[in-house]
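Structural overview
The residues making up each chain are set out below.
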Amino acid sequence: MSALLELRGLTRRFGGLTAVDGIDLDVEDGELVSIIGPNGAGKTTLFNLVTGLDAPNAGSVAFAGAPITGMTPERIAALGLARTFQLGRVFANLSVMDNVLIGAHTRLAAVRPKVPLVGPLLELALALWRPPAVKAEEAALRAEVRDILSRFGERLLPRIDQPAYSLSYANRRRVEIARALALKPRLLLLDEPTAGMNPTETAEMQALVAELKASGLTILLIEHKLDMVMRLSDRVVVMDEGRKIAEGPGAAVRSDPKVIEAYLGHGLRPVAAAAE
Amino acid sequence: MTSWLDHTINGLIVGNVYALIAVGLALIFGVSRLINFAHGSVYVVGAYVGWVAVVHVATPLVLTIPLVALMSAALGLVIERFGLRPLQNSVRIAPLLATIGISFVLDQIVLLVFTPNPRALPSQLPDWRLTVGSGTIGALDLLIAGIGVASAVLLFGFLRFTRLGWAVRATAQDRDAAQQMGVDVHAVNQVVFGIASALGGISGLLVGMYYNQIDPAMSLQATLKGVVAEVVGGVGNVPGAVVGSLLLGLIESYGIAMLGTSYRNLFAFLLLVLILVLRPNGLFASARQLPPEPLTGTFIAPSRPLRVPGWVLLAAATAFAIVPLVLDAPYLLQTLTNAWLFAMLALSLTLIAGSVGQVSLGHAALLAIGGYTSALLALTWGVPVGMAILAAGVVTAALGTLLVSPSFRLRGHYVSIATLAIGEIVALTILNWESVTRGPIGLVGIPPLQVFGIDLGDARSVYWVSLGVLVLLAALQFRLLGSHLGRSFRAIRDDDVAARVYGLGLDRYKSLAFIFGGFAAGISGAIAAHLYSYINHETFNTQQSILALTIVILGGLGNVVGAIVGAVALVGLPEIFRVAAEYRILIYGVVLLLLVRFRPQGLMGTV
């Protein structure tokens, strides 16, 4: 039985810089794997390679046993892979409801019949005509969006019709996660979900991620807050300068000298050399 | 027959002239990430300053050139200070639209002062020619080459060796960082606009001397050529702009030699579209990286759209429907009919520029496709007019989407350039494809409006048909925007990367928007063709594209009701107040500028 996500020798070079360097990684069903590492270690580039936003120079990505290397992001999304972004990419002028509904786009079936060639035209016609099946589908999704938003307590529900640009930073991050959940993902990629959040908001987010994990969702998490990483992760992967330098349970990784050096050593070496 | 050497020399000389424009555009893009559509206007002003100096003051050449440079630079400073600097923190598209507005205003002022008639600009140089091999070189050729090379050397020295030049390069690399390190970025902007405009003005003067003729209509062409050369070399890349210009000059020169003068611009625009599709960062750029993650979309001004209750809309439609019954005012009817036709175009554009965020500057091309299709169907095959109009809508939807599809992978300013070029390609194809379109002669005797054999050619019927079609299209668009496609379009506009990650294929959804919008625009063009009974390649022109954009911005991007209100305001009001045609464009330019500056969300709000 193969892992849900399998990366083999994944490599991405930008000019002279190798941002991701021969990464091998397996994520099993139901697992929560965290990726940590200093800024510029290649974590977000790795996410871009997995989600199809960027194409690798070498190596392969397989999802649920099927190769997805070089596939377009929209096709990968349709396979059940959702992600959030490091700095937040909500649709600013869309309401909270519409933002989350976009998350469910790949699940639209009645309005997007899988007919070759004329499929898009049918979609246009059905969007204008809206037969009962299409209306029912839309209504069901709207109800589901409310359910998803209720996971965030009173943070988002009262603001459901407000445009995303009017939300606070933390709320925009929450909208992003709600949007990802609306896709009903088999694998959720979270890119620093607590970046820029205060301790209370971080704790809330941590509780939410724990809840998602408990519900059986497979999660790949990029996070700088080690506390959270240690509490949540089944496994931690440490990246530095594009390479995987350590992998294992949180406690083991934490005391790995290579990891300590990656976090503390860079930049100290030249200083030490100068001092000599 | 002239020799290949002659064509090469000619190409290089013309390329040199383009380089003077393109280098300025590249400099400006470098420091302010802006494609300056007003650059061609500076070029025209330069040419006219030169003309006044030479013809009326009889200045010698050594005085004419510095004078033109000085005046053009001054104009550039004014544009930067009052037109663009106030827009620094506004939405991304605002400065681009502002330069379009400025260009309209400047061109129209030149036209009002100097009349649209061409003027002869004597070259002030001895009329000798040097024979080189099988070709010849004139004194003016040498002057142009000399100025081109001298400007390049001076510019290189300035950017490389002076403190201010460093500041310019630092600002181009990272504006915020430069500012934090104490670079006065405003001063840098001023210097860049000054230099760029001086070069642009000199270019205008030289072109005037080269062809011994100047006219206000040169502006748009100059901007377009400069933009083509700049894109070929890589936007913002100064040496690239020079190479791109020379390449463009040569390609045009050889192309003309093979096929004739009327193909000149076709080569330029095909080259542009080709480069945008294959190497959007220019011939010399290497990497393509993901655009930065925006915290919030910044394309349109956030606003709360004005919600007009349904009964108000119904009442308004009814009121307009009974106008012909209660008022005997043929002029008013004609004016409003014109407004309804423009409103259809605006509906199309507000969907594409507003809802999907593809700011198209060549939208009139869709009118042209619709108009020609319907007229040809009716004239050549005797298709009943009603059927022909419907078919024109379908053909425009299909052909328009196909033509624009190369631009689907582009974003921001590149979309605007590409659509502008595609629009020009359509116009030039109509001009050159004489066996079908009858070329410059145009189509004569297009049958009047007729549905099911009922003659609807009189003013009242045309009015009702146009109004009815408009209401129908508007209702459909309303319904479209309320569907899952509406939010999908707007999601793509706000952040196309996030949209793709959630399964929205850009090709698919942009195509659907263009199919819907193309249909509306095609119908508008078709009705217009049957209304006018005569169309040619200039009936549907860039000015209409820009007018449509102004209407859409006035109404509020993406706003269906806004598009109609905007059309009545901008097409109807000037007509009713009998504003002379030449002042109308001036008004459009000023309206566009004021909107961009003070009310980017338009009257009814962006959606």
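Residues numbered from 1 in each chain as written. Chains lettered and ligands numbered in written order. Predicted model: local features only at pLDDT ≥ 70, side-chain atom pairs only at ≥ 80, totals over all residues.

Focus on the domain arrangement of chain A
Residue and element names in this part refer to chain A. Taken domain by domain, chain A holds domain 1 (1-80 + 185-276) and domain 2 (92-178). The centre of domain 1, based on its C-alpha atoms, is set 28 Å off from the matching centre of domain 2. Contacts between the two partners involve 7 residues from domain 1, matched on the other side by 6 residues from domain 2. Taken together, the elements giving at least two residues each to the side of domain 1 that touches domain 2 come down to helix 2 (73-78) and helix 7 (199-214). Grouping the amino acids of the side of domain 1 that touches domain 2 by side-chain chemistry returns 5 nonpolar, 1 polar and 1 charged. (Domains from an automatic or database assignment. Contact = placed C-beta atoms within 7 Å. Helix = DSSP H or I, 4+ residues; strand = E, 2+ residues; numbered from the N terminus. Nonpolar A, V, L, I, M, F, W, Y, C, P; charged D, E, K, R; others polar.)

Digging into the sheet that holds strand 4 (residues 58-63) of chain A
Residue and element names in this part refer to chain A. Read from one edge of the open sheet, 4 strands run 2-1-4-5, paired in antiparallel fashion. Of all the strands in the sheet, just strand 2 (17-27) and strand 5 (66-67) have a single pairing partner and so form its edges. When strand 4 meets strand 5, the two strands line up antiparallel, connected through 2 bridges. Looking at the pairing, Phe-63 lines up with Ala-66 of strand 5. (Pairing = 2+ DSSP bridges.)

Some remarks on the nonpolar core
All names here are of chain B. Counting residues in each nonpolar core, the largest one holds 279 residues, and the members touching the most others are Val-23, Ala-343, Met-344 and Ala-346. Here this core takes 16 residues from helix 1 (residues 4-32), the largest share from any one element. With sequence-adjacent residues up to four places away left out, Met-344 is seen in contact with Val-469, Leu-470, Leu-473, Ala-520, Ala-521, Ile-523 and Ser-524. (Core = buried A, V, L, I, M, F, W, Y, C linked by C-beta atoms within 7 Å. Buried ≥ 20, exposed ≤ 12 C-beta atoms within 10 Å, placed from the backbone.)

Some thoughts on the domain arrangement of chain B
All names here are of chain B. Under the domain assignment used here, chain B contains domain 1 (18-276) and domain 2 (328-539). If you average the C-alpha positions of domain 1 and of domain 2, the two centres end up 33 Å apart. Residue-level contacts link 16 residues of domain 1 with 16 residues of domain 2. Of all elements in the fold, only helix 9 (218-233) and helix 11 (264-278) reach the threshold of two or more residues within the side of domain 1 that touches domain 2. The element that contributes the greatest number of residues to the side of domain 1 that touches domain 2 is helix 11, accounting for 7 residues.

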